[in-house]
Amino acid sequence: MSESHNKQLILPEYGRNVQNMVDFCLTIEDKEERQTCAEAIVQTMSSFSNAEKERDDYWQILWDHLYIMSDFKLDVDYPYEVTCCKEEYMVSQHPVLENDHQQKPFYRHYGRNIERMIKALMALPEGEERMELAKATAFQMKRNYVAWNNATVADTKIFTDLFELSEGKIYLDESNCQLPDSNEILSQSVAQQNAGNASTKGGKRKMNVSRRRQRQRRK
């Protein structure tokens, strides 16, 4: 496994791909190209946040997060004031967006069973068994999310929610967990619904036929 996959993510909510983009940006020598790359990364980061973009400090927070993810080394023209150094970051809570709440949230679309599964996971010692169960939990979380919202969802969202629900104790990302495609889950869900509807209609037809036969016998 590469060094980038072993590296602990600074802000896990953005996923490993964004962290890799930041690491690459640090290697660009030309400042104009580095600036363009940084702006593209911030645009990408905005797609991972559930915060409303109307809030006044939305983009400032994203640029601050970019600087933090670069370990305070990225030399670009920041359009906003950012955390000046690691020491400042360590002694103060960095700005957060809506999906960065410190309190453990409850996501209704996952259901109570997912909460129970995560609690059981947290009680297990770190190792292969916990990792496999964590992957299974993430898989079920994605199925529940897609079924509830009838919409696709990025794997990063699932990993971030699992991280938050487990109080930071369960960490997965694209390098150690591959989840099924959202469209595949949607197709399976629709097929199951259609099968269920067909079965229900078939049962009603049989019941109606049975009732007609009973009435004929009575006559």
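Since the structure is predicted, the reported quantities are computational estimates derived from the model, not experimental observations. (Residues numbered from 1 in each chain as written. Predicted model: local features only at pLDDT ≥ 70, side-chain atom pairs only at ≥ 80, totals over all residues. Heavy atoms only, no water.)

## Let's talk about unusual backbone geometry
Put simply, the rule is: Only runs of H or I of at least four residues qualify as helices and only runs of E of at least two qualify as strands under DSSP, and these elements are numbered from the N terminus.
Unusually for a residue other than glycine, Asp 71 sits at a positive phi of about 60 degrees. Positionally, Asp 71 belongs in the loop between α4 (58–69) and α5 (86–91). A positive phi angle is found at Phe 72, which is not glycine, with a value near 65 degrees. Structurally, Phe 72 can be placed in the loop between α4 and α5.

## Here's the deal with a negative patch on the surface
For the record, the criterion: To count toward a patch, a residue needs a relative accessible area over 30% and no salt bridge; like charges are then connected within 9 Å, while nonpolar side chains (Val, Leu, Ile, Met, Phe, Trp, Tyr) are connected within 5 Å. Residue burial considers only the protein chains on display, and all accessible areas are found by Shrake-Rupley using a 1.4 Å probe. Salt bridges, as used here, are contacts in which a Lys or Arg side-chain nitrogen is within 4 Å of a carboxyl oxygen on Asp or Glu. The charged-residue count follows a simple rule in which Lys and Arg add positive charge and Asp and Glu add negative charge, with His and chain termini not counted at all. Note that the charge is assigned to NZ on lysines, CZ on arginines, CG on aspartates and CD on glutamates.
Together, Glu 29, Asp 30, Glu 32 and Glu 33 line one region of the surface with negative charge. Looking at where Asp 30 falls in the secondary structure, it is placed in the loop between α2 (15–27) and α3 (31–46).

## Topic: the nonpolar core
Let me state the cut-off plainly: The nonpolar core is taken to be a set of buried Ala, Val, Leu, Ile, Met, Phe, Trp, Tyr and Cys residues, with the residues joined through side-chain atoms within 4.5 Å. Note on exposure labels: buried denotes an accessible area under 20% of the residue type's maximum, exposed denotes more than 50%, and partly exposed covers the range between, all computed with a 1.4 Å probe on protein chains only. It only takes one pair of heavy atoms within 4.5 Å for two residues to be counted as in contact.
Counting 23 residues, the largest nonpolar core has Ile 41, Met 45, Trp 63 and Leu 66 as its most contacted members. When contributions to this core are tallied by element, the ones reaching two or more residues are α2, α3 and α4. The biggest single contributor to this core is α4, with 7 residues. Once residues within four sequence positions are removed from consideration, Met 45 is found in contact with Tyr 14, Val 18, Leu 62, His 65, Leu 66 and Met 69. Core analysis: the next-biggest nonpolar cluster, separate from the first, contains 20 residues, Leu 121, Phe 159, Ile 170 and Leu 186 among them.

## A closer look at the packing of aromatic side chains
In plain terms, the rule: Note on aromatic pairs: the rings of Phe, Tyr and Trp (six-membered ring only in Trp) are paired at centre separations within 6.5 Å, and the planes decide the class, stacked below 30 degrees, edge-to-face beyond 60, tilted for the rest.
Counted by the stated rule, this structure contains 6 aromatic pairs. Ring centres of Trp 63 and Tyr 78 lie 5.8 Å apart, and the angle between their planes is 85 degrees; this geometry places the pair in the edge-to-face category. Placement of the pair is Trp 63 in helix α4 and Tyr 78 in the loop between α4 and α5, with a sequence separation of 15 residues. We note that Trp 63, like Tyr 78, is buried. With 6.2 Å between their ring centres and 85 degrees between their planes, Phe 163 and Tyr 171 make a pair best called edge-to-face. Among the aromatic side chains, those forming a connected cluster through ring pairs are Trp 63, Tyr 67, Phe 72 and Tyr 78.

## Here we look at helix α8 (residues 155–165)
Burial of α8 is extensive: 9 of the 11 residues sit out of reach of the surface. Looking at the packing, one finds that the buried side of α8 touches α2, α6 (112–123) and α7 (128–149). One or two residues past the end of α8 sits Glu 167, with phi positive at roughly 60 degrees.

## Side note on the environment of Ser 46
Put simply, the test is: Polar contact is the term for a pair of N or O atoms within 3.5 Å; when the atoms are in protein, one must be able to donate a hydrogen and the other to accept it, and sequence-neighboring residues count only if both atoms are side-chain atoms.
Assignment of secondary structure puts Ser 46 in helix α3. Relative accessible area serves as the criterion here: at 6%, Ser 46 is assigned to the buried category. C-alpha separation for the pair Ser 46 and Tyr 14, spaced 32 residues apart in sequence, amounts to 9.3 Å. From its side chain, Ser 46 meets the backbone oxygen of Gln 43 in a polar contact 2.5 Å long.

## Description of the side chain of Arg 16
Mapped onto the elements of the fold, Arg 16 is located in helix α2. Of the polar contacts made by the side chain of Arg 16, one reaches the side chain of Asp 173; its length is 3.0 Å.

## Comments concerning the confidence of the model for the chain
The criterion, for reference: Predictor confidence is given residue by residue as pLDDT, running from a minimum of 0 to a maximum of 100.
The pLDDT averaged across the chain works out to 77; a share of 69% of its residues lies at or above 70. Between the elements of the chain, mean pLDDT differs from a low of 52, seen in helix α1 (residues 3–6), to a high of 91, seen in α3. Of the regions scoring below 50 in pLDDT, residues 99–105 engages in 17 contacts with residues more than four places distant in sequence or in other chains.

## Some details on the pattern of salt bridges
Tallied over the full model, the rule gives 8 salt bridges. Where Arg 34 meets Asp 75, a salt bridge forms, and the shortest distance between an N and an O atom there is 3.8 Å. Here Arg 34, found in helix α3, pairs with Asp 75, found in the loop between α4 and α5; they are 41 residues apart in sequence, far enough to count as distant. Look at Arg 34 and you get buried, because its relative accessible area is 10%. A salt bridge links Glu 132 to Lys 135; its shortest N-O distance comes to 3.8 Å. With Glu 132 and Lys 135 both in helix α7 and 3 residues apart, this pair spans about one turn of that helix.

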